[in-house]
Amino acid sequence: MKPGKVVGCNRVAGGCEFRCENAVASVTFAGKGVVRVRAAPGEGFEPDFSWAVVRNEPSGGTFSVERTRERVVLKAREVSVAVEMKPFHVSFYGPGGTLLNSDAEGGGVSWSGRKIRCRKEMPADERYFGFGEKAFHLDRRGKRMVNWNTDAALHTWNSDPLYQSIPFFIGVGRGRAYGIFFDNSWKSFFDMGASSRRYYTFGAEGGEMNYYFIHAPGAKEILERYTWLTGRMPLPPLWALGYHQSRYSYKDEGSVRRVAARMRALGFPCDVIHLDIHYMDDFRVFTWHPERFPRPEKLLTELRAGGFRVVTIVDPGVKRDTGYRVFREGLESGYFLKKRDGTLFYGYVWPGETAFPDFSRADVRRWWGEQHRELTGRGVAGIWNDMNEPSENIKPHARRVSTRRVVHYDGGRYTPHAKNRNVYGLQECRATREGLLRLRPDERPFVLTRAGYAGIQRYAAAWTGDNSSTFRHLRLSIPMLLNMGLSGAPFVGADIGGFTGNCSPELYARWVQLGAFYPFCRTHTAILSRPQEPWSFGRRVAGIARKYISLRYRLLPYIYTLFREAAWTGTPVLRALFMEFPWDEACVGIEDELMVGSSILLAPVLKRGARRRRVYLPAGADWVDFETLERRAGGVTITADAPLHRMPIFVRAGAIIPTQAHVRCADEITMNPLVVEVYPAAFNAAGGGRSVFTLYEDDGATMKYEEGVFCTTAMECRRRRGGVRFTLHRRKGVYHPGARVCELVFRGVDKPLEVRLNGEPLEEETGGADGAGEGRWWYEREGKVLRAAFTDRGERVDVDAGFRG
């Protein structure tokens, strides 16, 4: 069934409502460049509610409505919508009248019983990105994907569905870009040309046709508007951006202490140790095993003194045991999921028979959040939400468990599990984060999740679940994480080394080189696999791991600023090349390279035995080899040397990258000295050769940044004829890092005739960099590196280096 002809049109808040022969529909402006389309059979819509959308009021922006007998056109500055009347048919246009997207010929929306779908025209030059967590290539054109949160153990390329469902994508074609967010929590699908070369289709097994069309000039701006709609990632605590070490499982206090001690003895920076399910008493959540972890508070206090935080796993399944307080409270209060007949639903997970909290209820979420007091009171720093799709049966070969008759409170409507499954993990993470904020209101929570839905970025970081120790999974992590970022979830990672199987020394070396740049950086492995601590593969691989994990810590000022950008705008930390170089068509299909912010290009080695690899350097920039400092023009493919100890990394010419000295953990970070790496762009008489970066700083731990307690420092480098000027602008904001040494490091420049600080000449240090004091400069001929040191007191500083000619 289709809506049929439009028989009436009324103006409503933000747009128009249409009465059709068989349905009701509406088109409203939800925000700048954001249009909401709803359609439902019959004469009325369902109650308007979303777990994902945080801004659901129609926009108060200016728009006009033009009506004829054939169509209604709603016009706004960023996007216009034409609604054909015979039959109901929607098309979207850009500011210049360019067609952006259109329903298929004959109408887009249709129903078959309870099932709904929408069919769209699919231009030959359009490519599709996003769709959340999917084990496909970066471009999802030609794929059919299902959204149904699933415990996808042993998944591999093209496995679908996986753990998370984010029904949002970005369409990119020549001269146009748009996003579509299908806000429907039922089991849904996207068929992006798998069934037709002319159309793509999306739909669900129930609920309304309810989608948001988002238009902006490019992918970054579309993400900004999508995350305006669904919320953005809060800033994590700085320690959560360090290196995490995990295993299923470190089974007792002794094993945890040995890992921590060896990390420090061998010089590996590390901030976090994770405890998997064996820390619990018979897998009862919010308990400690009385023999394996008899003194958890003492253990965690001593680890904390050594610079380690502990993150504990928490599953949603509660062991069926009337002698167990958490189960008894949930049972007596009616907090667990039930079937339609009122009987309790039980699954079968690690503790045996388990009940599941109904996180669609606010009182249950608050109760669940309060349970974390047993963990935080002992010193646990963060929570790892696993098995929360939910995984309801770990022994399907032996037991039959069905959720078909399970109902959720869902605002008093008691709707089926099929409507609520995809948001179950989202609401568990909400309960966890809100609980941690109540228990420790002055500390930023850290929550890690396996399952989620659109908007999960508001509550938790995510990892890609049970991957495997293969080069194929190493390669797969790139399109998976890039598309998670393109789906509004920037704080993501994959288990370094792989979760299942035995990682080889070569694979671990290659994986840690890339994984050191994952936003969430953790080594994790399964119970029967070989050890995967970074020293487990011999001295050579340990040295490689130490080098790249240490590099991550050195780059934390840059990385933390990227997290701030993600929190403020939705722009991910890891970026597909086409996001940064939309003018370069060659970048659209590249999925074995990636950007860290706008300045650092990674070309990881993804094949066993490879010691060289081809690298495309995007057009529109020059590129500097991170290790050799060799400069190359963009728009070309090169062959880069990649011995086992080296992953090719290139820095965009013009980059300004703030760094810091070596530290063992986040507690030692002082950013004194602040080391600013500068890669000056080539002089361009037409006005080029200028670059900027704005460093973000706060206390890295509390929620005060939400009250404006932070500061920013704009940095600018300008290449001029005969010289280069670096300006550290006056610090802005109420957070005060204090006076500190700032060391400028210019990479790839000739030796200057002189260096001036605010117009006054600096003294050259001729004895080398070691022991050189502030107010001096020195030059390293090998590598063509110029260094200058001065005191940064938050005021403007200009450093000029003059060259011959």
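Residues numbered from 1 in each chain as written. Predicted model: local features only at pLDDT ≥ 70, side-chain atom pairs only at ≥ 80, totals over all residues. Heavy atoms only, no water.

Some words on the packing of helix 5 (residues 362–371) against helix 7 (residues 417–439)
Let me state the cut-off plainly: Between N-to-C directions, angles cover 0 to 180 degrees, with each direction set by a line fitted to C-alpha atoms, over the stretch in contact for helices. Secondary structure follows DSSP: runs of H or I at least 4 residues long count as helices, runs of E at least 2 residues long count as strands, and numbering of each begins at the N terminus. Put simply, angles under 35 degrees are roughly parallel, angles over 145 are roughly antiparallel, angles from 65 to 115 are roughly perpendicular, and the rest are oblique. Working rule for handedness: look at the near helix, and if it is turned counterclockwise from the far one by less than a right angle, call the crossing left-handed; if clockwise, right-handed. In what follows, residue pairs with any heavy atoms lying within 4.5 Å of each other are defined as contacts.
The geometry of helix 5 relative to helix 7 is characterised by a closest axis approach of 8 Å and an angle of 55° between their N-to-C directions. With respect to helix 7, the element helix 5 is oriented oblique. Between helix 5 and helix 7 lies a crossing whose hand is right-handed. Seen from helix 5, the contacting residues are Arg365, Arg366, Trp368, Gly369 and Glu370; seen from helix 7, they are Gln427, Glu428, Arg430, Ala431, Thr432, Gly435, Arg438 and Leu439.

Considerations on empty space enclosed by the protein
Inclusion rule: In this analysis the probe radius is 1.4 Å and the grid spacing 1 Å, with only protein atoms considered; a cavity is a set of points the probe fits into but cannot get out of, a pocket is an open set with protein on both sides within 12 Å along at least five of seven lines, and lining residues have an atom within 4 Å of a point. Grid points are joined across faces, edges and corners, and a volume is the space filled by probe spheres set on the points.
Inspection of the entire model under this criterion finds 7 cavities of 30 Å³ or more. In this structure, the largest cavity encloses a volume near 270 Å³. Along its surface, the largest cavity is lined by 19 residues, and Glu46, Phe49, Asp183, Asn184 and Lys419 are the ones closest to its centre. Sorting the residues of the lining of the largest cavity by element identifies strand 4 (34–41) and helix 7 as the ones contributing at least two each.

Let's talk about the sheet that holds strand 21 (residues 272–275)
The cut-off we apply is this: When DSSP finds two or more bridges between a pair of strands, those strands are recorded as paired.
An order of 33-32-30-27-22-21-20-34 is seen for the 8 strands of this open sheet, with the pairing classed as parallel. The open sheet has two edge strands with one neighbour each: strand 33 (492–493) and strand 34 (521–523). Here strand 27 (residues 382–385) pairs with strand 30 (residues 447–449) via 3 bridges, running parallel. If you follow asparagine 385 over to strand 30, its bridge partner there is threonine 449.

Details of the sheet that holds strand 24 (residues 338–339)
The strands that make up a sheet are held in pairs by hydrogen bonds between backbone atoms, and each pair lies either parallel or antiparallel. Spatial strand order, 24-28-29: 3 strands in an open sheet with antiparallel pairing. Because the sheet does not close on itself, it has two edges, and the strands there are strand 24 and strand 29 (415–416). With 2 bridges joining them, strand 24 and strand 28 (residues 406–408) adopt antiparallel strand pairing. Bridge assignment links lysine 339 to a residue of strand 28, and that residue is valine 406.

By themselves, these are just geometric observations and shouldn't be taken as functional.
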